[in-house]
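Now for the letters of each chain:
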Amino acid sequence: MNTKIVRSKSAIKQPKINVITLGCSKNIYDSEVLMGQLRGNNLNVVHESDKMGKDDIVVINTCGFIDNAKQESIDTILQFSELKEAGKIGKVVVTGCLSERYKPELESEITNVDAFFGTNDLQNILHELGANYKHELIGERLLTTPSHFAYFKIAEGCNRPCSFCAIPLMRGKHLSKPMEELVNEAKILAKNGTKELILIAQDLTYYGLDLYGVRKLDELMRRLSDVPGIEWIRLQYAYPSGFPMEILDVMNERDNICKYLDMPLQHITDNMLKSMRRGTTKQKTIDLVNQIRDKVPNIAMRTTLICGYPGETEHDFEEMKEWVAETKFDRLGCFTYSHEEKTHAHTLVDDIPDEVKQQRVDDIMEIQQGISFDINQEKVGKTFKVLVDKKEGDFFVGRTEFDSPEVDNEVLIDAATGYAANGSFVNVKIDRAEDFDLYGTIV
């Protein structure tokens, strides 16, 4: 008699590895590389799944940048360590900026986490998860964004001495990725349907200085621009001091490089810029913004500012408000100062009350809301090329070349008036505009 052995599916079911990503786009990129390696090792990997079994492993990629981000990371670690304690999941592994910065404290406080890793521990994390690092997978990622756009990290770490910033403590010194490796990665992404590359780093404009002895962002932009299938290239995190003006020539030369520049300026008064160790002055900053706009007249400029830095007087703040009102940035974000240990600014007295910091942020954003409304009104009646990101309710939601995902304006297209597939480019005539959104029809 032949006896057929039937294995139950549950007996051979592999545990899932569920990757949770907190923080910025650079963390998203790191999670995608980790997931690509895990998938390449034939492991069952998912991103931020709600469904978990008692043998599943959770990997939390943490942020340690400012107080709110640190708190979110700690809360998330505690949430999953409690699920492990209750027998609802198998293992908890923590990586990223928070565990790079506070590993000894975390290990002593949260004892039932299986392992803590830093920001440059990819091979060790893989080993912990029963996988090997595969060199042949360089450039391969498992995208967590819609497939038509991808964050594209060109360098790690930062050499800048900004007084308020803990990034060098967590990410180390600036390290550019070799150009050939980046071009290869762009080709792989394009082959898989990616149309927009969003270039990210702690400091884009430093690219190449460590590897080649000169700044080479302009050459990298040209090389990426030549990759077939890449229709938009966007620059995020450009540092103002030592800004390479030649990248603006490439922006003008190439149709697939967005007329968009994200340049965090942080403040404008000379005494704040000096204390922040930004390596620039008010006049140099104003001149740079004017030069960029002169060279690329229709460029959309985004910046971020800090309110409530130690010693920021009412006069400093008023001067910043006036400058914001005069400069009229297309996009602007504003944050309250966070007093970070081991940074240079931590030696100063954190002397601005939290409610004053928040009020100053609100005041700046109110000015920006008015600026954004006025800029958007000028777009009514005009037609723009729009990349469609998703369908939400009764609208297709997309962006112009002047908008980055998550942080900038959106274009809402009434689904009753026309159809647009996710990841497609459509021409949209703007019918009306609000503070931060445009409404239009496909033409």
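Bear in mind the structure is a predicted one, so any value in this text is a computation, not a measurement.

### A word on the overall build of the protein
Then, in step 1: Counting secondary structure elements, the protein contains 14 helices and 18 strands.
Then, in step 2: Its C-alpha atoms give the protein a radius of gyration of 23 Å, near enough to 22 Å, the size a compact globule of 443 residues would have.
Then, in step 3: Projected onto the principal axes, the alpha-carbon positions of the protein cover approximately 90 × 55 × 45 Å.
Then, in step 4: Counting all 443 residues of the protein, 52% fall into the buried class.
Then, in step 5: Within the protein, contacts between residues separated by at least 24 positions form 74% of all contacts whose residues are at least 6 apart in sequence.
Then, in step 6: For the protein, the computed accessible surface area is about 20,100 Å², with 49% contributed by carbon and sulfur atoms.
Then, in step 7: Across the protein, the mean location of the 54 positive side-chain charges is 7 Å away from that of the 71 negative side-chain charges.

### Here we look at the domain arrangement of the protein
Much of the literature gives interface size as the accessible area that the parts lose upon coming together.
Then, in step 1: Along its sequence, the protein is carved into domain 1 (17–135), domain 2 (145–378) and domain 3 (382–442).
Then, in step 2: Contacts between domain 1 and domain 2 engage 18 residues on the former and 20 residues on the latter.
Then, in step 3: Summed over both partners, the interface of domain 1 with domain 2 buries about 1,700 Å², with 51% contributed by carbon and sulfur atoms.
Then, in step 4: Among the residues of domain 1 in contact with domain 2, K26, Y29 and R101 are the three that bury the most area, contributing 40% of the side total.
Then, in step 5: Run the count over domain 1 and domain 2 and you get 5 salt bridges.

### Details of the packing of helix α3 (residues 67–85) against helix α4 (residues 97–109)
Then, in step 1: Direction vectors running N to C along α3 and α4 enclose 80°, while the axes themselves pass 11 Å from each other. It follows from the interaxial angle that α3 and α4 lie roughly perpendicular. Contacts between α3 and α4 involve K70, S73, I74 and I77 from the first element and L98, R101 and Y102 from the second.

### Observations regarding the UniProt feature "domain: MTTase N-terminal" (unreviewed entry) in the protein
Then, in step 1: The UniProt entry lists residues 15–135 under the feature "domain: MTTase N-terminal" (unreviewed entry), expressed in the numbering used here.
Then, in step 2: Within residues 15–135, the helical portion is 45% and the strand portion 18%, while the C-alpha atoms at the span's ends are 25 Å from each other.

### Quick notes on the sheet that holds strand β4 (residues 91–96)
Then, in step 1: Strand order across the open sheet formed by 5 strands is β2-β1-β3-β4-β5, with parallel pairing between neighbours. The sheet terminates laterally at β2 (45–47) and β5 (115–116), the two strands that pair on one side only.
Then, in step 2: Inspection of the sheet shows strand β1 (residues 17–21) paired to strand β3 (residues 57–62) by 5 bridges, in the parallel sense. Across the sheet, I20 pairs through a bridge with I60, a residue of β3.
Then, in step 3: The strands touched by helix α2 (residues 25–40) are β1, β2 and β3; relative to β1, the strand with the most contacts, the crossing angle is about 170°.
Then, in step 4: α4 contacts β3, β4 and β5 of the sheet and is inclined by roughly 125° relative to β4.

### Overview of helix α14 (residues 354–377)
Then, in step 1: The end-to-end C-alpha distance of α14 is 35 Å, a good match for the 34 Å that 24 residues give at a rise of 1.5 Å each.
Then, in step 2: Those residues of α14 that fall on the buried side of the exposure criterion are K357, R360, V361, I364, Q368, I371, S372, I375 and N376.
Then, in step 3: Elements that come into contact with the buried residues of α14 comprise β12 (300–307), α13 (314–327), β13 (331–336), β17 (425–433) and β18 (437–442).

### Section: the confidence of the model for the protein
Then, in step 1: For the protein, the mean per-residue pLDDT works out to 92, and 97% of the residues sit at or above 70.
Then, in step 2: Confidence, expressed as mean pLDDT per element, reaches its minimum in the protein at helix α1 (residues 9–12) with 46 and its maximum at helix α9 (residues 217–225) with 98.
Then, in step 3: Predicted confidence for residues 1–11 stays below pLDDT 50, and this span has 1 contact to residues more than four positions away or in other chains.

### Concerning the UniProt feature "domain: Radical SAM core" (unreviewed entry) in the protein
Then, in step 1: Mapped onto this structure's residue numbering, the UniProt feature "domain: Radical SAM core" (unreviewed entry) falls at residues 144–374.
Then, in step 2: Segment residues 144–374 splits into 41% helix and 16% strand. End C-alpha atoms: 34 Å apart.

### Some remarks on the pattern of salt bridges
Then, in step 1: Counted by the stated rule, this structure contains 35 salt bridges.
Then, in step 2: Close ionic contact of K91 with E128 constitutes a salt bridge, the shortest N to O distance being 3.2 Å. Here E128 lies in helix α5 (residues 122–128) and K91 lies in strand β4, a separation of 37 residues in the sequence.
Then, in step 3: The residue E180 makes a salt bridge to R223 at a minimum N-O spacing of 3.0 Å. On the criterion of sequence distance, the pair formed by E180 in helix α7 (residues 179–191) and R223 in helix α9 is long-range, its members being 43 residues apart.
Then, in step 4: Bridged by salt links that share partners, the residues D30, K153, E156 and R171 form one connected network.

Reading guide: rules and limits
Residues numbered from 1 in each chain as written. Predicted model: local features only at pLDDT ≥ 70, side-chain atom pairs only at ≥ 80, totals over all residues. Heavy atoms only, no water. Helix = DSSP H or I, 4+ residues; strand = E, 2+ residues; numbered from the N terminus. Rg over C-alpha atoms; globule rule 2.2 N^0.38 Å. Buried < 20%, exposed > 50% of the residue type's maximum accessible area, 1.4 Å probe, protein only. Contact = heavy atoms within 4.5 Å. Areas by Shrake-Rupley, 256 points an atom, 1.4 Å probe, with all protein chains shown as cover. Lys, Arg positive; Asp, Glu negative; His and termini not counted. Charge placed at Lys NZ, Arg CZ, Asp CG, Glu CD. Domains from an automatic or database assignment. Buried area = accessible area lost by both parts, 1.4 Å probe. Salt bridge = Lys/Arg side-chain N within 4 Å of Asp/Glu carboxyl O. Axes fitted to C-alpha atoms, helices over the stretch in contact; angles between N-to-C directions. Parallel < 35°, antiparallel > 145°, perpendicular 65-115°, else oblique. UniProt positions renumbered as here; feature names shortened; annotations may be inferred. Pairing = 2+ DSSP bridges. Expected span 1.5 Å × (residues − 1). pLDDT = per-residue confidence, 0-100.

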